[in-house]
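# Close look at the chain arrangement
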Amino acid sequence: MKLGIVGLPNVGKSTLFNSLTKAGAQAANFPFCTIDPNVGVVAVPDERIKLLGELYHTKKVTPAVIEFVDIAGLVKGASKGEGLGNQFLSNIRETDAIVHVVRCFEDTNVIHVDGSVDPIRDIEVINLELIFADLEVLERRLSKVSKAARMDKSLQKEEAFLNRIKEHLEGGNSCRSMEITDEDELALMKDYNFLTYKPVIYAANVCEDDLADDGAGNDMVKRVREFAGAEGSGVFVVCAKVEEEISELDDEEKAEFLEAMGLSVSGLDKLIAASYDLLGLMSFLTAGEDECRAWTIKKGTKAPQAAGKIHTDFERGFIKAEVVNYRDLLEQGSLAAAREKGLVGMEGKDYVVKDGDVILFRFNV
């Protein structure tokens, strides 16, 4: 999974990126501090593979990972080359989803590029730039399709669809908010890779005092939640400064710090949960003496396609999947004991993998 972190300059975007990835992207109190997309890879915390690793005395425990791309602060006119220009918009196209950091705190010591703090205005500035960028791509596509449709009537449906998208975008709306039920149109929309069709998670960056009640008492956070709810996007409340402090602690210190602040999870944990939920993802597990590993797949994935995540040969030569729930495996103490209790299933090609399944694939190529 690859997430692009965007936001106006000085909303806490790079500070959040630093704390999430410990990658050390430069963070300073002026616009355009991040002049190259910074990339960091984060392990997805998963107690299940840790416990399985202990059970198998495994040589290696490999968690699922999320790749974060910190994209330079966009400003009004970015799609036309303002600020650092639309070179950074192309970096967003490579991501699965967008984490949009929105400032929801007042601080006279931190400059705001527009002179005041207004999260909805900030969201709309970024959204408008993404709409403009999509329109530019759409116009090029429409020009080609329209010419070809004169000779090839099969392209007339796509031409009509592109015109519908154009009208929708020109109304200041994102592609996410379009109602599309036709399967061919859905496939086309995915193929276009429009920025405004990507799922969005809004990171409401608050001051430390607003963390304990998850921003419930912060009017700016309320407005962000209402906005996100209307477009079906996710929201999580975070304090980038606090996350930066947490990132310097080991696991034990982190737990103590969170407890002292009255928090059950960190901002990173919230973001991962929100990302998995928004993108409809889950993890299945493989376990053995050599390695215990988590694999991220879409909910609803069938066994052969899950096998293909490990290796294409596994999917091509798929025979059966030996499946046990990780809790049952841990409780029984071994795969053999779980088999004796009838807790291990031999599943075929139509088996839909469940979150927390421990799977041994049988294949032949």
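## Thoughts on the pairing of strand β9 (residues 292–298)
With 5 of 7 residues buried, β9 lies mostly within the body of the structure. Sheet analysis places strand β3 (residues 61–62) next to β9, joined by 2 bridges and oriented parallel. Paired with T62 across the strands is R293, a residue of β9. Where strand β8 (residues 281–286) meets β9, 6 bridges bridge the pair, whose relative direction is antiparallel. Within β9, the position partnered with T286 by the bridge is R293. Between β8 and the antiparallel strand that follows it, β9, lie 5 residues.

## A word on helix α10 (residues 267–279)
An α-helix turns once per 3.6 residues; consequently, residues spaced three or four apart project the same way. Spanning 13 residues, α10 covers 18 Å between terminal C-alpha atoms, matching the ideal 18 Å at 1.5 Å per step. Of the positions making up α10, those classed as buried are G267, L268, K270, L271, I272, A274, S275, Y276 and L279. Backbone geometry just downstream of α10 places G280 in the positive-phi region, at approximately 65°.

## Topic: the pairing of strand β5 (residues 97–103)
Within a regular strand, the side chains alternate between the two sheet faces. Counting buried positions along β5 gives 7 out of 7 residues, so the element sits mostly inside the fold. Residues A97, V99, V101 and R103 point to one face of β5 and I98, H100 and V102 to the other, with burial holding for every one of them. Alignment of strand β1 (residues 2–6) against β5, held across 4 bridges, turns out to be parallel. Counterpart to L3 in the pairing with β5 is A97. Summarising the sheet, β5 and strand β6 (residues 200–205) pair through 6 bridges and their orientation is parallel. What sits directly across from V101, in β6, is A203.

## A word on the pattern of salt bridges
In total, this model carries 25 salt bridges according to the counting rule given. Notably, a salt bridge pairs D214 with R225, separated by 3.1 Å at the nearest N-O pair. Placement of the pair is D214 in the loop between β6 and α7 (219–231) and R225 in helix α7, with a sequence separation of 11 residues. Take D214: its relative accessible area is 31%, and that puts it in the partly exposed class. Across the pair D350 and K302 runs a salt bridge whose closest N-O atoms are separated by 3.7 Å. Here K302 lies in the loop between β9 and α11 (303–310) and D350 lies in the loop between β11 (345–347) and β12 (357–363), a separation of 48 residues in the sequence. The exposure class of D350 is exposed, given its relative accessible area of 62%. For K302, a relative accessible area of 35% gives the class partly exposed. Look at the salt bridges and you will find they share partners, linking K2, E67 and E94 into a network.

What counts and what doesn't
- Residues numbered from 1 in each chain as written.
- Predicted model: local features only at pLDDT ≥ 70, side-chain atom pairs only at ≥ 80, totals over all residues.
- Heavy atoms only, no water.
- Buried < 20%, exposed > 50% of the residue type's maximum accessible area, 1.4 Å probe, protein only.
- Helix = DSSP H or I, 4+ residues; strand = E, 2+ residues; numbered from the N terminus.
- Pairing = 2+ DSSP bridges.
- Expected span 1.5 Å × (residues − 1).
- Salt bridge = Lys/Arg side-chain N within 4 Å of Asp/Glu carboxyl O.

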